[in-house]
Amino acid sequence: MPNDYAIDITDIEYGHKKGPRWRLPRWQITAGQTIFMQAPSGAGKSTLLNVLAGLIPVNSGQLKVLQEPLHERRQTAPWRARHLGVIFQSLNLLDYLNCLDNILLAAHFANNGEPRLADKARKLMTRLNLPQQLLHKKASELSVGQRQRVAIARALINDPPMILADEPTSALDQDNTDDFMALLFELVRERNCTLLLASHDQRLGGSFDQHTPLSDLIQPL
Amino acid sequence: MMIRLAIKSLISRRFSAFVCIAMVALSSIALLTVDTLYRGTQSAFGRSVQEIDLIVGAPTGDINLLLFSAFQVGAPSREVSINTFTRWQQDPGVARAVPLMLGDSHKGFRVIGTDASMFDHMQAVLERDPFAQGNAFKHVFEVTLGHEVARKLGYQPGDELILSHGFGNHSFQQHKARTFTVTGILTASGTPIDKTLQVSLDGIEAIHWPPATLAALPAQLKIGENPALKPDSLAAFYLTLTNKVRTFQVQRSINQSEAEPAQAILPGVAITQLWSMLDWVEAALLGLGLLATMVAAIGVGSTLLTHLDKRLGEFQLLKTLGARHRFIFALLVIETASLVALGMLIGVTCTVLLERAMLSIAQSRWGLYWPLDIDWLWLGGAMLSLSLASGLLLASISTWQLKRRE
């Protein structure tokens, strides 16, 4: 069922203006899958995730993400805001905003007009084992573990069909990593989200539906 | 959300924001103060010849006549006879004629020989009683003081003083034979009169008499009582006409007088000539003000652009969350424009307060007065457009820089 592909790539070439370039001949991901993309640091994980998010344009080929033909789009920002949740290694939150504003910022860009967004954010915080008081604390006052969990809440506030996560646990210790992964999986499964998580750390791969080493996907040009 | 973001972002960088605001505020103060100073000087100049329609002296240059008669700078090369003065003093078209005898001084301050019409003139300029203390001289050996002279030398009515010949402070022959009694002190007027002493024409004539003859004069000699003390010539005199329309007519008839070669000038015109000679001062002042503004602009620009490096992650995050380029551009415009607008607002407020404060001091101490005419519409427009323009400029540079770093 071709309509069910969350990611459908045919022969794309992409890269930075003055940096390495890659070719990706074929990659298809069924919606609702959880994919673990393993690669050492510097192998081009972040670049590929940026391509999938529409932040880096492809030079040739077909790139369909959630049925959206990104290779034909110039402006991808509104689409990204509505359909993707993105979690980085760090720098997920604006330090000068409180947690609630950080979460609502994602809703703002997505033009999310749902009523009671703040309540929704509060519920997500409870699900992520974060005390409610944290909502009104500045992001800079949180611990790294707390910040990454707020990042999950931020990524989920618009109920996106797909989550992209780029080394989300590399700033966390083992306990925090386990918590983070458990919570992420719980919430993703509940929502039947597609999850694409990229990491160098093999140990994270345990509960994923599918493992895809990056080196199997792309060829440097 | 955007404005909330801009405000919170600025608050999080409050130190550098404060520095930017201070730079903008200080440069606005500099620019506005330069303008006020210039206008103040101009108005003080104009005030010196207020209520004077014509200045008459022996033929010389317009500006020379203006300078020595109204500004007490320089000296007349020749004098005009008392007959010419009397002729015009008695003319029905003349409301007031103020005679001026120059050439003597007291401790570096110039002495003007004149008559009671000088105080009428001052009254007309000040629009109130020209005397802060005491009153006009009535006797030959009496003197009144300009505000500045009394303040600097600490004289009170009743004090006695000695006049000296020539304009210097030292080494000139002092007219020691007779002392003059202070009868009054003038209010500050902001004109060169503040820095002069005034005595009667008879008084000036008397001190130039040989000591022996002078000693024979009684102490309480009324002005005009001794016809021998009537001077032959004057340095210059002011004319105020009853009908201003006749000014050119009177000027022509003085300039073309058969009886004695004389020159009448319109002080306003002469001052305009003087200003046109000094227009480089305005240019220099304005240049300095603009320089201050440029320094501030570069300072603010470099501060904000330096911060850009630290904010790359922030912008990257905003883009990932789905912010369009124009959102980030608008954010930068709002941030910069609000900094500049706030700085200018503070600068203008400070300048207005400063000018108000300075004005009351200047008015009471030096009699200086200038109108604080602020064109709020113009100023508001300038503030709005300048802050928007700087915001747009800086945001353009910033987004260009960000593009380069992608």
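Cut-offs used in this document
Residues numbered from 1 in each chain as written. Chains lettered and ligands numbered in written order. Predicted model: local features only at pLDDT ≥ 70, side-chain atom pairs only at ≥ 80, totals over all residues. Helix = DSSP H or I, 4+ residues; strand = E, 2+ residues; numbered from the N terminus. Rg over C-alpha atoms; globule rule 2.2 N^0.38 Å. Buried ≥ 20, exposed ≤ 12 C-beta atoms within 10 Å, placed from the backbone. Contact = placed C-beta atoms within 7 Å. Arc of directions from axis to C-beta. Axes fitted to C-alpha atoms, helices over the stretch in contact; angles between N-to-C directions. Parallel < 35°, antiparallel > 145°, perpendicular 65-115°, else oblique. Left-handed = near helix turned anticlockwise from the far one by under 90°. Nonpolar A, V, L, I, M, F, W, Y, C, P; charged D, E, K, R; others polar. Domains from an automatic or database assignment. Core = buried A, V, L, I, M, F, W, Y, C linked by C-beta atoms within 7 Å. Pairing = 2+ DSSP bridges. pLDDT = per-residue confidence, 0-100.

Before we move on, can you summarise the overall build of chain B with the specific residues and values?
Within chain B, the secondary structure is distributed over 14 helices and 13 strands. Taking 22 Å as the expected radius of gyration for a compact globule of 406 residues, we find that chain B reaches 31 Å, considerably beyond that expectation. Along the first, second and third principal axes, the C-alpha atoms of chain B reach 105 × 45 × 35 Å. Classification of the 406 residues of chain B by burial places 36% in the buried group. Nonlocal contacts in chain B, meaning residues at least 24 apart in sequence, comprise 79% of its contacts between residues at least 6 apart.

Can you lay out the overall build of chain A for me, pointing to particular residues and giving the numbers?
The helix and strand inventory of chain A stands at seven helices and ten strands. Its C-alpha atoms give chain A a radius of gyration of 17 Å, near enough to 17 Å, the size a compact globule of 221 residues would have. Overall, chain A is about 50 × 40 × 40 Å in size when its C-alpha atoms are taken along their principal axes. Buried positions account for 44% of the 221 residues belonging to chain A. Put simply, of all contacts in chain A between residues at least 6 apart along the chain, 75% involve residues at least 24 apart.

Which residues make up helix H10 (residues 267-277) of chain B, and what are the values?
Residue and element names in this part refer to chain B. When H10 is considered as a whole, its buried residues turn out to be Pro267, Ala270 and Ile271. On an axial view of H10, the arc spanned by its buried residues comes to 100°, and they lie on one face. With respect to the buried face of H10, the exposed residues turned more than 90 degrees away are Val269 and Ser276. Residues of H10 that are buried sit in contact with helix H2 (14-48), strand E1 (54-57), helix H3 (62-70) and strand E13 (263-265).

Talk me through the packing of helix H3 (residues 99-109) of chain A against helix H4 (residues 117-127) of chain A; I want residue IDs and the actual numbers.
Residue and element names in this part refer to chain A. At a minimum axis separation of 10 Å, H3 and H4 run at an interaxial angle of 120°. The orientation of H3 relative to H4 falls into the category oblique. Taken as a pair, H3 and H4 cross one another with a handedness that is right-handed. On the side of H3, the interface is formed by Leu100, Ile103, Leu104 and Ala107, while H4 contributes Leu117, Ala118 and Ala121. A per-class count over the contact of H3 with H4 returns seven nonpolar, no polar and no charged.

Give me the lowdown on the interface of chain A and chain B, citing residues and values where you can.
Taken together, the contact pairs 18 residues of chain A with 14 residues of chain B. Looking at the side of chain A that touches chain B, the elements that each hand over two or more residues are helix H2 (77-83) and H3 of chain A. Looking at the side of chain A that touches chain B, its residues break down into 14 nonpolar, two polar and two charged.

Before we move on, can you summarise the domain arrangement of chain B with the specific residues and values?
Note on interface size: it is often stated as the accessible area lost on association of the parts. Per the domain assignment, the segments making up chain B are domain 1 (2-45 + 279-405) and domain 2 (54-265). Spacing between the C-alpha centres of domain 1 of chain B and domain 2 of chain B amounts to 51 Å.

Any details on the nonpolar core? Residues and values, ideally.
Ala153(A), Ile163(A), Leu164(A) and Val24(B) are the most contacted members of the largest nonpolar core, which totals 98 residues. Leu164(A) has contacts with Leu49(A), Leu52(A), Ala53(A), Leu84(A), Val86(A) and Leu196(A), leaving out every residue within four places of it along the chain. Listed in part, the 58 residues of the second largest apolar core include Leu100(B), Val182(B), Phe237(B) and Ile265(B).

Can you break down the sheet that holds strand E1 (residues 5-15) of chain A residue by residue, with the values?
Residue and element names in this part refer to chain A. Judged by pairing direction, the sheet is antiparallel, and its five strands sit side by side in the order E5-E4-E1-E2-E10 without closing on themselves. Here the strands that pair on one side only, and so sit at the sheet edges, are strand E5 (68-69) and strand E10 (219-220). Where E1 and strand E4 (residues 60-65) come together, five bridges link them in antiparallel fashion. Paired with Asp8 across the strands is Lys64, a residue of E4.

Quick one: what's the story with the sheet that holds strand E3 (residues 34-38) of chain A, residue by residue and with numbers?
All names here are of chain A. Spatially, five strands are ordered E6-E7-E8-E3-E9 in an open sheet, and the strand pairing comes out parallel. Of all the strands in the sheet, the pair left with one neighbour each is strand E6 (84-87) and strand E9 (210-213). Direction aside, neighbouring strands of the sheet carry axes that sit 15° apart on average. Note: E6 against strand E7 (residues 162-166), four bridges, orientation parallel. Pairing of Ile87 across the sheet is with Ala165, part of E7.

Explain the packing of helix H5 (residues 144-156) of chain A against helix H6 (residues 174-191) of chain A to me, and be specific about the residues and the numbers.
Packed helices, taken two at a time, are described by the angle their axes make and the gap between the axes. Residue and element names in this part refer to chain A. Orientation of H5 relative to H6, taken along the N-to-C sense of each, is 10°, at an axis distance of 10 Å. In this view, H5 runs roughly parallel relative to H6, as classed from their interaxial angle. Remark: the crossing between H5 and H6 carries right-handed chirality. On H6, the residues touching Gly145, Gln148, Arg149, Ile152 and Leu156 of H5 are Asn176, Phe180, Leu183, Leu184 and Leu187. A class-by-class count of the residues in the contact of H5 with H6 yields six nonpolar, three polar and one charged.

Let's hear about the environment of Ala382(B): which residues, and what values?
Structurally, Ala382(B) can be placed in helix H14 (residues 376-405). Sequence separation between Ala382(B) and Met344(B) is 38 residues; the distance between their C-alpha atoms is 9.8 Å.

Tell me about unusual backbone geometry, and name the residues and values.
What you tend to see is this: most non-glycine residues have negative phi, and most peptide bonds are trans. Within the chain, Asp11(A) stands out as a residue other than glycine whose phi angle is a positive 55°. Relative to the assigned elements, Asp11(A) resides in strand E1. Accessibility expressed as a C-beta count within 10 Å gives 13 for Asp11(A), which makes it partly exposed. The phi dihedral of Glu127(B) is positive, around 60°, even though this residue is not glycine. Along the chain, Glu127(B) falls in the loop between helix H5 (117-126) and strand E5 (131-134). Since 8 C-beta atoms lie within 10 Å of it, Glu127(B) is described here as exposed.

Could you give an account of the pairing of E4(A), naming the residues involved and the relevant values?
Residues and elements named next belong to chain A. With two bridges connecting them, E4 and E5 associate as antiparallel partners. If you follow Lys64 over to E5, its bridge partner there is Pro69. Following E4, the chain reverses through two residues before pairing antiparallel with E5; Leu66 in that reversal takes a positive phi of roughly 50°.

Could you give an account of the environment of Leu288(B), naming the residues involved and the relevant values?
In this fold, Leu288(B) is placed in helix H11 (residues 279-310). Owing to 13 C-beta atoms within 10 Å, Leu288(B) belongs among the partly exposed residues under this scheme.

With reference to specific residues and values, describe the confidence of the model for chain B.
Looking at chain B, pLDDT values average 87 and 94% of them are 70 or higher. Of the two predicted TM-score estimates for the complex, the pTM is 0.74 and the ipTM is 0.90.

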